[in-house]
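Coordinate inspection notes
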Amino acid sequence: MNADTVMFPALETLAPGIGSLQPYIPGKPIEELQRELGLREVIKLASNENPLGPSPRAVERMRECLSEVYRYPDGSGFRLRAALAARHGVTAAQITLGNGSNDVLDLVARVFLYPGVEAVFSRYAFAVYPIATQAVGARARVVDASIDYGHDLEAMSQAVTDHTRVVFIANPNNPTGGYLSSAALQTFMQHVPPRVMVVVDEAYAEYVVAPDYPDATAWITEYPNLMVTRTFSKAFGLAGLRVGYAVSHSRVADLLNRVRQPFNTSLLAQEAALAALGDLDHLQRSVLHNCQGLRWLSERMSEWGLPVIASVGNFLTIEVGDAMAINERLLACGCIVRPIGNYGMPRHLRVSIGTASELEQFVRDLRQCLA
Ligand SMILES: *Cc1c(COP(=O)(O)O)cnc(C)c1O
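As a starting point, this report considers the structure included with it. All chains use their own residue numbering, which begins from 1 and follows the written sequence. pLDDT decides what is reported in this predicted model: residues at 70 or higher carry local features, side-chain atom pairs at 80 or more are listed and counted, and totals for whole chains, interfaces and linings draw on all residues regardless. Values shown for side chains rest on all heavy atoms present in the structure; no hydrogens or waters enter the calculation.

**Remarks on the packing of helix α4 (residues 101–112) against helix α5 (residues 128–135)**
Axis geometry follows a simple rule: fit a line to the C-alpha atoms, using only the stretch in contact for helices, then measure angles between N-to-C directions, giving values from 0 to 180 degrees. Numbering of helices and strands runs from the N terminus, with a helix taken as a DSSP run of H or I at least four residues long and a strand as a DSSP run of E at least two residues long. The geometry of α4 relative to α5 is characterised by a closest axis approach of 9 Å and an angle of 40° between their N-to-C directions. For α4 against α5, the interelement crossing comes out right-handed. On α5, the residues that touch N102, L105, D106 and A109 of α4 are V128, Y129 and A132. Amino acids are sorted into nonpolar (Ala, Val, Leu, Ile, Met, Phe, Trp, Tyr, Cys and Pro), charged (Asp, Glu, Lys and Arg) and polar (every other residue, Gly among them). A breakdown of the residues in the contact of α4 with α5 according to their chemical character gives 5 nonpolar, 1 polar and 1 charged. For a crossing to be left-handed, the near helix must be turned anticlockwise from the far one by less than a right angle; the clockwise case is right-handed. Contact definition: two residues touch when any of their heavy atoms are within 4.5 Å.

**A short note on the sheet that holds strand β13 (residues 345–352)**
Strands qualify as paired when DSSP identifies two bridges or more between them. Pairing in this open sheet of 4 strands is antiparallel, and the strands run β9-β10-β13-β12 from one edge to the other. Both outer strands of the open sheet, β9 (308–309) and β12 (338–340), are each paired with one neighbouring strand and no more. Of the pairings in the sheet, the one linking β9 to strand β10 (residues 315–319) comprises 2 bridges and is antiparallel in character. Its bridge partner being in β10, I309 is matched across the sheet by T317. Sitting on the sheet, helix α10 (residues 280–304) is in contact with β9, β10 and β13, with an inclination near 10° to β10.

**Topic: the pairing of strand β7 (residues 226–231)**
Only protein chains enter the calculation, and the probe is 1.4 Å; a residue is then buried if its accessible area is under 20% of its type maximum, exposed if over 50%, and partly exposed in between. Most of β7 is tucked away, with 6 of its 6 residues classed as buried. Neither face of β7 is open: one carries L226, V228 and R230, the other M227, T229 and T231, and all of them are buried. Here β7 pairs with strand β8 (residues 244–247) via 4 bridges, running antiparallel. Following the sheet pairing, R230 is matched in β8 by Y245.

**Observations concerning the site of the ligand**
Think of it this way: one heavy atom of a residue within 4 Å of a molecule or strand is enough to make that residue near it. The full set of residues close to the ligand is G100, S101, N102, F126, N174, D201, A203, Y204, T231, S233, K234 and R242. Polar contact criterion, stated in full: a pair of N or O atoms within 3.5 Å, where within protein one must be able to donate a hydrogen and the other to accept it, and residues adjacent in sequence count only if both atoms are side-chain atoms. Within the contact set of the ligand, an oxygen atom lies 2.5 Å away from a side-chain nitrogen or oxygen of T231. The side chain of R242 places a nitrogen or oxygen atom 2.7 Å from an oxygen atom of the ligand. Shrake-Rupley sampling with a 1.4 Å probe provides the accessible areas, and residues are treated as covered by the protein chains on show and by no other component. In isolation the ligand has 390 Å² of accessible area, and contact with the protein removes 93% of it. Looking at the shell around the ligand, its residues break down into 3 nonpolar, 6 polar and 3 charged.

Written out as structure tokens, the structure reads:
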């Protein structure tokens, strides 16, 4: 018998939810594909990373700080929280830092969810919501959406019961790229019971140029049960450093901060995030690049008659047919994109907006794989 298959008593009494937990499937690392197929040239458009890279100022700041890493970071993240508070027009007491916004989502689950209560989210929203929910033994109420696989807010409203403690909403949504308008989200907030925490995950907010897209951080005074998560992983180009944060009522932030690991954001991460926040030119360039890339890729797909889901994020979800098979062929070409069968979308691939040459490469490879 293989050592991995041997059962032993310590595995018979796991915490609720853990035994059947399905792990998160990340984008395939470039090195892994290079190793597996002996390929040298590999492009990765699978994890919605910023193709322009981090702000040079963030890199410079990290260089300056390298010799300081023998010290613990400031566990309270004083300067970064102050800068974020200024950016959002809130107090520093309303900010909770996380090791990526994923960490913050886990903190929410640990504070508000437990066996016997429920979290509501869309079937077509971020894969971390079911994991965070199940990991603390709470029940997931998964809500379908008929239009473009996003969120059906009316159905989500109806799914809220006396047991519901948290609603997770991604805006813009991942893996589809669609967004909820200010009016739609306001209506939802007006109808949700005030004892339910609504977590609006705005990981892609910086990319959105649509005028009716809401910055929900502005509504927290009006709705103390609203909380917004943001990240430095996407438009700020710092995915490898792991920094995200929540903006919430200070009472909620206080609770999140109690369960947070005392040093959950590293010294380099805090300094780089602070420098990146101060480099709005880089952010603007990133957003502009994304608008151009998104438009270019959408046009190519529409020329070929391949349906896409209208996206305001830094990725485009394309209906290619048998996405698993096409993904395998793309991998053989050295092109890593994201199949999203695990979201119940077996006919779509999600493709990050890379550099112009990466997008051209993807389009060439896809043409070949579809032939
Ligand atoms: C990428 C992403 C995140 C960010 O994750 P980090 O942990 O901050 O890197 C959060 N929510 C959604 C919807 C995402 O797509």
